[in-house]
Amino acid sequence: MTKQKITSFGEYIRQLREQAELPLRKVAAQLDIDPSLLGKIERSERQPTKEIIEGIAKIFNEDAKYLHKQYISDQIAYKIIDEEADLDTLKVAERKIEYLKSNRQK
């Protein structure tokens, strides 16, 4: 079993682009965004919209749900770091998610 290398969402997007040997400007043009915005997304300085994530999935033939999970996991990780929380906080959040989901269905 091989371990998948952990990267940020932006680093993963940059890897996809570099593996495809596509310049930043060409990918940005396909996404209909400014190349500087794509560069900032790759450096985790800006957040992509859902439409940008879906566009990236199409360009690189990736699963959009997988990319979205990678993006959301970054957001959760940054929030935990910013709040100086610990893994117990994640456990509480997991229980709270189940509670909130069950209340939504009522």
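What counts, and at which threshold
- Residues numbered from 1 in each chain as written.
- Predicted model: local features only at pLDDT ≥ 70, side-chain atom pairs only at ≥ 80, totals over all residues.
- Heavy atoms only, no water.
- Salt bridge = Lys/Arg side-chain N within 4 Å of Asp/Glu carboxyl O.
- Helix = DSSP H or I, 4+ residues; strand = E, 2+ residues; numbered from the N terminus.
- Buried < 20%, exposed > 50% of the residue type's maximum accessible area, 1.4 Å probe, protein only.
- 1 Å grid on protein atoms, 1.4 Å probe; cavity = no way out; pocket = protein on both sides within 12 Å on 5 of 7 lines; lining within 4 Å.
- Points joined across faces, edges and corners; volume = space filled by probe spheres on them.
- Nonpolar A, V, L, I, M, F, W, Y, C, P; charged D, E, K, R; others polar.
- Axes fitted to C-alpha atoms, helices over the stretch in contact; angles between N-to-C directions.
- Parallel < 35°, antiparallel > 145°, perpendicular 65-115°, else oblique.
- Left-handed = near helix turned anticlockwise from the far one by under 90°.
- Contact = heavy atoms within 4.5 Å.

Caption draft 1: Structural context of the pattern of salt bridges. One pass over the structure, following the stated rule, counts five salt bridges. The residue R14 makes a salt bridge to E42 at a minimum N-O spacing of 3.4 Å. Here R14, found in helix 1 (residues 9–19), pairs with E42, found in helix 3 (residues 35–42); they are 28 residues apart in sequence, far enough to count as distant. The partner of K79 in a salt bridge is E83, with the nearest N and O atoms 3.4 Å apart. Owing to a relative accessible area of 51%, E83 belongs among the exposed residues under this scheme. Through salt bridges that share partners, R14, R17 and E42 make up one connected network.

Caption draft 2: Spatial organisation of the layout of surface pockets. Of the voids in this model, the second largest pocket is the one considered here, and its volume is about 200 Å³. Taken together, I76, K79, I80, A85, T89, L90, K91, A93, E94 and I97 make up the lining of the second largest pocket. Residues belonging to the lining of the second largest pocket are distributed by class as follows: six nonpolar, one polar and three charged.

Caption draft 3: Quick peek at the packing of helix 4 (residues 50–60) against helix 5 (residues 64–82). Relative to each other, helix 4 and helix 5 sit at 130°, their axes nearing to 9 Å. Taken together, the axes of helix 4 and helix 5 are oblique relative to one another. Note on packing geometry: the crossing formed by helix 4 with helix 5 is right-handed. Contacts between helix 4 and helix 5 pair I53, I56 and A57 from the former with A64, L67, H68 and Y71 from the latter. Tallied by class, residues from the contact of helix 4 with helix 5 come to six nonpolar, one polar and no charged.

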